[in-house]
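Overview (structure and organization)
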Amino acid sequence: MQERITADRWKILQGSLAEAGEALKLLPDQEGVVRLRIEGETAKMAGVQWSSDKWLLVDMLADMDSVVSIQFVFYRKGEVIAPEESNHMLSYRLIPLRRMKAAARLEELASRRYYLDMLLGGVLEGHASGRPAAVEEMDAMELIVSSPYGDRFSSLALYDVYLTDALPDMTVEGGPMVDEFGQWRQKDWDTKIHSEEELITYLKEEYKAALESPGYPEGWSRWGGWLGKRFEPTGFFRTHHDGRRWWLVDPDGYAFFSNGMCYGSRMGVYGFTDRRESLFSWLPGLDDPAYKDAWTTADRIPEFAKRNGPGAGSDRRMFNFARANMIRAFGSDGWWEAWLTINAARLKSWGFNTIGVGVNNYEDENAAEYLEKAQIPFVYTLKKFPRTNVRIFRDFPDVYSKAFAEQAQDFARSQLGGLVGNPYLIGYFVNNEPEWKVPYINLAERVFAHPERLDSKTALIGWLKEEYGNIEAVNARWGRSFKSFEDMYLPIERLDAGTEEAGEDFAKLHALLVEKYITVLKAALSSVDPEHLNLGMRYAGAGPREMAGGEHQDVFSFNHYSPSAAEALEAAGAYMDVPVIIGEWHIGGEKSMLAHGIWFSHTQEERAKACEFYMQGAMANRNCVGIHYFEMNDQPLLGRFDGENMAHGAIDVCNRPYKELIEHFKSTAAKMYELCDGQAPPTETTGEAIRRK
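Residues numbered from 1 in each chain as written. Predicted model: local features only at pLDDT ≥ 70, side-chain atom pairs only at ≥ 80, totals over all residues. Heavy atoms only, no water.

A look at the sheet that holds strand 20 (residues 295–297)
Here we have 3 strands laid out as an open sheet, ordered 19-21-20, and antiparallel in their pairing. One side of each edge strand has no neighbouring strand; the edge strands of this open sheet are strand 19 (271–272) and strand 20. Note: strand 19 against strand 21 (residues 317–319), 2 bridges, orientation antiparallel. Looking at strand 21, one finds that phenylalanine 272 is bridged to methionine 318. (Pairing = 2+ DSSP bridges. Helix = DSSP H or I, 4+ residues; strand = E, 2+ residues; numbered from the N terminus.)

Take a look at the structure:
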């Protein structure tokens, strides 16, 4: 059943009405935004009955030159959202320039996860924000459309907006956007490939050059360490403080800074093709033996399975244009060896001594063989993180439960078994950007709001008993009236918000949960593999709350997208003197893609200077032992497994490096260890870096 929201129900808050015919055509305001609002009674906005089991569907076409941002923001009568918190919001990125349908599953307002379902058709990615809520509590909603990357947003056409019990056909309508090489068909730029002959000639020349490549910069060890400083060798990577700063130490004892390239071993990125086939100028047949290595299904992408469940996506086809381009040049039997030769030579000559996150992200990448032949140190991201049946918030498990401890042991045995004894492995990231890390969510508050009698709730109540002795003392601090500690098993929201003292206690309780999360896993992983470094959780950002338990990891890791890493590294080092790795960072480019990067520059030269500034500032920091650029390849024009489609790679879809960027990578690598050792100052030239809107 469909329940339509008619055009007369919308209030235009930003933008203007151009015409009302088959579609409601709207023009953006000077800020490049169209913002509409509907209101009504609770759970009955715009005269329509809303419920969590329905979809909100928008049939639309956005005429703009970048990916489309659409946000559904919900409001609860009388609620005041703190400035540091997010509204109740479901946000998506969409394909522009083509008529398509955006669909929001309303039950996602419960915020049980951050990454939302990858839908068919024109929806690229989706995220849930805000505290857990239900649409039945809401009495107003705003629909906001903008262009986060582009300069041109001409108009928005709304053909239909309605609630529905089931999704309709989500196929995107319109002609090709992607050419036969995976490039944006409608745009041109100076390094764009225009013919198969041009592509093949270029790749053959790159292969010849790779055979003559000199390897690492002069003065580097066989592992990429620094011959100018040596410590006690152990045969494996380890950490060391020399009295001035933290270092990694390579297996031969040489000082080592991990200059990494995320997905450095990967040849191209898979992107979805289903329900958008008309957007491609060319796709080979699924049964074409020449291109069998360029096809896969989404269930074979571990990160897709992690977010959507085992077996999900088995019917969703994905194609890798970068692989297809290598197959064109070297054939179906020779493309991989050619890629190995070209890629390994490039990484070493560019000054990258670590293959960052992603060596195990595609099942068909021959990762073990690549690592053995390339002989480049690497880091490993563990998969299938323990998830108790009942979780505290999003993916945070009941960490005090017996089930979590048992799962941690199984996790350690299954994930580390094949890595034990490998000297090229620097260490492993235990997780990757866990979804529970929300700045305004206190995990302990979520424990006490949980309807079940969690083992973690029992542990936290035990801490309160030991700390304060009786319930009266807790009541006095929190401004509550519990009759006994047993009353605390009943679910209560926002226990942390009553008094300043309650906030202090909940900060400690939150830290206890995070520390338990880390130490249970640390014990299990160390029992299986005591030789390699535990590189931490690879958080999406860092602060004191994330650093709880950091002393139990060999290295603290977080991702940091910004024009500079210096301030974040200084803050982390001031809070806890531990070695730190930045697991992801980048400055993207422009011109050739629908999205440019979280931070980007208008020219490749400015991008290169901005990257150099970031790298050298991090290398000069005394706690920083590594930075890993995200990533080797540009992402597909129409999105990878989760819809990301940014032009932030060191190489494009045709395997062409961004020349200006590489030159600055190489010049920084040439003095990397002097920067680390304080013998050379970091550059003060910043380059242009712009935050996406």
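Moving on from the model shown.
Points about the pairing of strand 16 (residues 246–249)
Across the two faces of strand 16 the burial is the same, with Trp246 and Leu248 and Trp247 and Val249 all buried. Linking strand 15 (residues 238–241) back to strand 16 in an antiparallel pair, the connection comprises 4 residues, with glycine 243 at a positive phi of about 100°. Looking at chain direction, strand 16 and strand 17 (residues 254–256) are connected through 2 bridges and run antiparallel. Bridge pairing links leucine 248 to phenylalanine 256 in strand 17. Count of turn residues in the strand 16/strand 17 antiparallel hairpin: 4 residues, of which glycine 253 carries a positive phi of about 100°. (Buried < 20%, exposed > 50% of the residue type's maximum accessible area, 1.4 Å probe, protein only.)

A few points about the side chain of histidine 127
Tracing the sequence through the fold places histidine 127 in strand 11 (residues 123–129). In terms of polar contacts, histidine 127 uses its side chain to reach the side chain of glutamate 125, at 3.5 Å. In this structure histidine 127 touches Met89, Leu90, Ser91, Tyr114, Tyr115 and Leu116, once residues within four positions along its chain are discounted. (Polar contact = N/O pair within 3.5 Å; in protein donor to acceptor, adjacent residues only side chain to side chain. Contact = heavy atoms within 4.5 Å.)

Considering the pattern of salt bridges
This structure, assessed with the given rule, holds 45 salt bridges. Across the salt bridge formed by arginine 4 and aspartate 160, the nearest N and O atoms sit 2.9 Å from each other. Linking arginine 4 in strand 1 (residues 2–4) with aspartate 160 in strand 13 (residues 153–164), this pair joins segments that are 156 residues apart in sequence. Accessibility expressed as a relative area gives 17% for aspartate 160, which makes it buried. (Salt bridge = Lys/Arg side-chain N within 4 Å of Asp/Glu carboxyl O.)

Things to note about helix 10 (residues 566–575)
Listed as buried for helix 10 are Ala568, Leu569, Ala572 and Gly573. What you see down the axis of helix 10 is that its buried residues fit within an arc of 130°, all on one side. Opposite its buried face, helix 10 presents the exposed residues Glu567, Glu570 and Ala574, each directed more than 90 degrees away. In this structure, the buried residues of helix 10 make contact with strand 28 (556–558), strand 29 (580–585), helix 11 (604–619) and strand 31 (624–629). (Arc of directions from axis to C-beta.)

Concerning helix 7 (residues 455–468)
Over its 14 residues, helix 7 extends 20 Å from the first C-alpha to the last, a length consistent with the 20 Å expected when each residue adds 1.5 Å. Taken residue by residue, helix 7 has Ser456, Lys457, Leu460, Ile461, Trp463, Leu464 and Tyr468 as its buried positions. Projection of helix 7 onto a plane perpendicular to its axis shows the buried side chains occupying an angular sector of 150°, all on one side. For helix 7, the elements touching its buried residues are strand 24 (391–393), helix 6 (443–449), helix 8 (471–478) and helix 9 (500–528). Positive phi appears at glycine 469, one or two residues downstream of helix 7, with a value of about 85°. (Expected span 1.5 Å × (residues − 1).)

What about the packing of aromatic side chains?
Counted by the stated rule, this structure contains 37 aromatic pairs. Ring centres of tryptophan 223 and phenylalanine 237 lie 6.2 Å apart, and the angle between their planes is 85°; on these two criteria the pair is classed as edge-to-face. Of this pair, tryptophan 223 sits in the loop between helix 1 (196–211) and strand 14 (226–230) while phenylalanine 237 sits in the loop between strand 14 and strand 15, placing them 14 residues apart in sequence. Of the residues examined, tryptophan 223 reaches a relative accessible area of 2% and is grouped as buried. An aromatic cluster is defined as three or more aromatic residues linked by ring pairs; in this entry it consists of Phe385, Phe396, Phe411, Trp436, Tyr517, Tyr539, Phe556 and Phe558. A cation over a ring is seen here: arginine 307 above tyrosine 115, with NZ or CZ 3.5 Å from the ring centre. Just above the ring of tyrosine 658 sits the side chain of arginine 607; from NZ or CZ to the centre is 5.2 Å. (Phe/Tyr/Trp six-rings, centres within 6.5 Å; stacked < 30°, edge-to-face > 60°. Lys NZ or Arg CZ within 6 Å of the ring centre and 35° of its normal.)

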